[in-house]
Amino acid sequence: MNQPIKSTDIHQSILDDQKSQDRRKMMINGVLLLVLLAAPLAIYPVFLMKILCFSLFAVAFNLLFGFTGLLSFGHAAFLAAGGYTTGYLLSNYSGLGTEMGIIAGTLVATGLGLAFALLSIRRQGIYFAMVTLALAQLVFFFFVQSEFTGGEDGMHGIPRGELFGLVSLEDNLNMYYFVLAVFIACYLLVQRVVGSPFGQVLKAIKQNEPRAVSLGYNVDRYKILAFVLSAALAGLAGSMKSVVFQLASLNDAHWHMSGEVILMTLVGGMGTLLGPVVGATFVVNVEYQLSQGPLRDWVDPILGAIFVLTVLAFRSGIVGEIQKFMRRNLS
Amino acid sequence: MTMTKKLLTSAVASALMVGAAQAEITDNTVKIGYLADMSGTYRDLAGPNGLAALEMAIKDFGGKVNGAKIEVVSADDRNSPDAASSTVRRWVENDNVDMVAGLVASSVSIAVSKILEENDKLGIVSGSAASSITNEHCTPNHIHYVYDTYPLANGTASAVVKEGGQSWYLLTADYAFGHALEGDVTRVVEENGGEVIGKVRHPFPTQDFSSFILQAQASGADVVGLANAGADTTNAINTASEFGVTQSGQTLAALLLFLTDVHALGAETAQGIQLTTGWYWDMNDETREWSDRFMEETGVRPTMVHAGIYSSTLQYLNAVAATGSDNAQAVREQMMDTPINDMFAKNGRIREDGRMVHDMYLAEVKTPAESSSDWDLYKILRTIPADQAYRPLSESKCDLVNN
Amino acid sequence: MSMIFGVPLAVLSGQLLIGVINGAFYALLSLGLAVIFGLLKIINFAHGAMYMLGALVTVVLFDALGINYWVALFLVPIIVGAFGMLIEYFLLRRIAGQDHIYSLLLTFGVALIIQGVLTNIYGVSGLRYTMPDIFKGGVNLGFMFLPYYRAWVIVAALLVCFGTWFIIEKTKLGSYLRAGTEDSQLMQGFGINVPLLISLTYGFGVMLAAFAGVLAAPIYSVTPVMGSSILIVVFAVVVIGGMGSIGGAIITGILMGVVEGLTKTFYPPASSAVIFLVMVVVLMFRPTGLFGKEA
């Protein structure tokens, strides 16, 4: 009991732990990849793409909220900016490849993200959330007023076109594997970022900002970078969504969408890599299944109940709770 | 031009398909998908009770068509074109849905019609107001059944101008629907020798209208026109009555009011307002008989949208029975060839742009003294004949119309 | 007629008065939020739903039973406030001490449940509440027709706002409240039932929202969703005033009513966005709002 523990032992055990965790993670990721590749055989591809787009959106949001500790209440603006830009370009410039449209949408969202970040980054806590909300409301107002968005009617009939002028995306399966490839690339990117020294600084900021400052980090710059990256990925999600569904609408820009991505992240487990994906899958499924079934008039109250239950009972989210359980029982 | 090309190929393709697949009801089932707002702002005008109307129609038809089963699936569109299009895509691509009914928010109807066109299935839009649905957004795969902004403006505005309401002030909801209505009203007012002397575009939605009502009062216009819908309109009417708009000699003209809205306002507040409607439950024995049955099912009186869903579903099933096919083009053609004269519509006819034109009615909300019950709300002032009510084909921007 | 920026002076004065009336309304709503946040650090996203409940209970329960307006004005806030205390007791208490964000999400969920369930019962077309006879009609001020009821709204709202401010900032009860919520252990030691104090405070904030709801019942279309769009506007008001500042919420509420009123005159389409513009600008120069204490 009172035996002194050698620090090398601890070190070794942490390393072992790390290794076995890495192995477990690899295995989980491998299985997931197989599932995703085979999924369209069993499940309707457009529905899968919807899940992937929202997963990417939630992953982007989580990078900021879960890993940096900044709660943005305005992420809908980036989703919509990406979607509208891509939709507008692809509808009006038929020579443009789909990939160029998506890149352009992502860039516009990135620029908007930078503007948001510069205006909001020095605000703390709830004030940060509220400034992002206010800015997103102004963006919403711009989209409502602009002719090119089609206002309340939305933007319709966006052509899916061809990828690099070669692969027709009209075909649902082609479209699916394209969306999947982009999603996986982004997921790996976020994984890389979180594990990098940059990601460590973000976590340090989340845990204790004054300490990060006193360690000599230019905290604002790190936060801005995280914000812009998050906005870019959210915009990419919106761009792809507009191509998949061939439409872009005000729903994407509404503050309810900013709330929904918080719910997805929270339900799945914020601050975990897989959490937002699980959360988005869960929420999209719940909404879809409920809206079809006998409970279709009760979608909102049931979503509300999920909010309440998550906050009260599963604050770490689905993935977070599983991790906790595994840690308790497997180590 | 790509559009026309697409239409041509789809027309050729469907002509071939009609030849090949005619006289067949695929998988021996006619499957109808009911898609509407079940929980949001447009819930009461169609919503769950619209599904009840649809099911009444199927029951009245006999539950089977040429021996094939009739199945119904339904979903909440959550007023979101995304949610609506993923639902409908799955319905038509995976679940063999043949016809989509309901369809309320314009954004939803437009999004759904594009998917139906791609998959060559049929849609019958009953709830939407936008006249663009059969104008620039027309497809060979949908029909717009109950009403649109064109006759609303046409009926109400021309009637009010003719009664001496020369100068107008418009309160417009600041989105596509409001703008369209504003444009239509302005045109009609001017054509009849009146003038729009001012307008204000208010955000959608707005709860407090006092500021806008005050501006309308200050304008000194004869008529205050409300180019908005739903809660915006009821709030505006409430505020107008509170601020004594009618007492000071101005007339209120609401361009889109549903029976449920007027019921919510009550005769006391809404009395004297003129409006255009496609149908009213208390017009004749036929409408009363059907409405009584509807009320037994749902507990409320039907709006024109509820009645339209019932009527259009019956028309659809009759067409399926007549052609022996659930092919969208065959059924649509059959429906276009069949004049509609039923409980819902008089002199009804489906045009090539998909617009169902029928007689519309100019109504006035009764005073509390005239109204004998909660739902006894309108008196019909006159009939607007079908051929005058809707946008003439000569003005159409629809690619299906040969201009 | 004298004109200001192309708008007749008479019209402008009317708009200013309307702005103040709406501002008083915002003040009442944001005051409740500010009390709840300032004293309990709870971000109450159910505030719009509580406002709606105030109006809906007035119509459904009281009007149907024939109970008059004045009784409703007194009783409905108490009923809804008690309901709020139940929410605090059964739900919010369980996440005390956690990050603010959880209270936001929890109350947002509660609001979705309440609105959704009531929508299924009462629909969305709106319920009607007959204006009490005493308020029918109005007075012509020369530049505008002022309905008696609007005049009453401004009086009632300002009275309640001022009373609340006075109780919290200037009385012994208020100092207990502030002390109890800031250092609960100390107050517990003095024999004060702090959990009850917290429930009561939350209930009181909710009462203010419900009171605004009763005031709204005769003039707005009463629907289960009437609170959802006003919610974030009121939030913006509280943030501009400085979260937790009682006086700030009242003054900013009135100010924003006027700003919105002027926008409705000069550029109406922007009237729903102008508050957010003000918020961004204010927070750029004053990070904790106009009247907030420096964090």
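Bear in mind that the values here come from a model prediction, so they are computed numbers and not experimental data. (Residues numbered from 1 in each chain as written. Chains lettered and ligands numbered in written order. Predicted model: local features only at pLDDT ≥ 70, side-chain atom pairs only at ≥ 80, totals over all residues.)

Compared with the 16 Å implied by 1.5 Å per residue over twelve residues, the 17 Å span of helix 11 (residues 274-285) of chain C between its first and last C-alpha is a close match. Inspection of helix 11 of chain C places Ile 275, Phe 276, Val 278, Met 279, Val 280, Val 282 and Leu 283 of chain C among the buried residues, and these make up the whole buried set. Looking at the buried residues of helix 11 of chain C, the elements they touch are helix 4 (98-120) and helix 5 (125-145) of chain A together with helix 9 (228-241) and helix 10 (246-266) of chain C. (Helix = DSSP H or I, 4+ residues; strand = E, 2+ residues; numbered from the N terminus. Expected span 1.5 Å × (residues − 1). Buried ≥ 20, exposed ≤ 12 C-beta atoms within 10 Å, placed from the backbone. Contact = placed C-beta atoms within 7 Å.)

On the chain C side, the residues contacting the 32 residues of chain B number 31 residues. Residues of the side of chain B that touches chain C, tallied by class, amount to ten nonpolar, 15 polar and seven charged. (Nonpolar A, V, L, I, M, F, W, Y, C, P; charged D, E, K, R; others polar.)

All names here are of chain A. Under the local residue numbering, the UniProt record ascribes the feature "transmembrane region" (unreviewed entry) to residues 26-47, 54-80, 100-119, 126-144, 173-190, 261-286 and 298-318. End C-alpha to end C-alpha, residues 54-80 measures 12 Å, and it is 74% helix and 0% strand. Secondary structure across residues 261-286 divides into 77% helix and 0% strand, with the first and last C-alpha atoms of the span separated by 14 Å. (UniProt positions renumbered as here; feature names shortened; annotations may be inferred.)

Residue and element names in this part refer to chain B. Residues of strand 11 (residues 274-277) alternate between two faces, with Gln 274 and Thr 276 on one and Leu 275 and Thr 277 on the opposite face, all of them buried. Sheet topology note: the strand 11/strand 14 (residues 360-365) ladder contains four bridges and is antiparallel. Looking at the pairing, Leu 275 lines up with Ala 363 of strand 14. (Pairing = 2+ DSSP bridges.)

This part is about the domain arrangement of chain B. Residues and elements named next belong to chain B. What the domain assignment lists for chain B is domain 1 (2-147 + 284-352) and domain 2 (150-277 + 360-383). Placing a centre on the C-alpha atoms of domain 1 and another on those of domain 2 gives a separation of 30 Å. Taken together, the contacts link 13 residues of domain 1 with 15 residues of domain 2. (Domains from an automatic or database assignment.)

Attention now moves to helix 2 (residues 47-65) of chain C. Residues and elements named next belong to chain C. Relative to the 27 Å expected for 19 residues at 1.5 Å per residue, helix 2 spans 26 Å between its end C-alpha atoms, a close match to the ideal helical length. By the largest-angle criterion, Val 57 marks the main kink of helix 2, which is about 30 degrees. Here helix 2 lies mainly inside the structure; 15 of its 19 residues are buried. Positive backbone phi, at 75 degrees, marks Gly 66, one or two positions downstream of helix 2. (Bend = angle between axes of the 7 residues up to and from the residue.)

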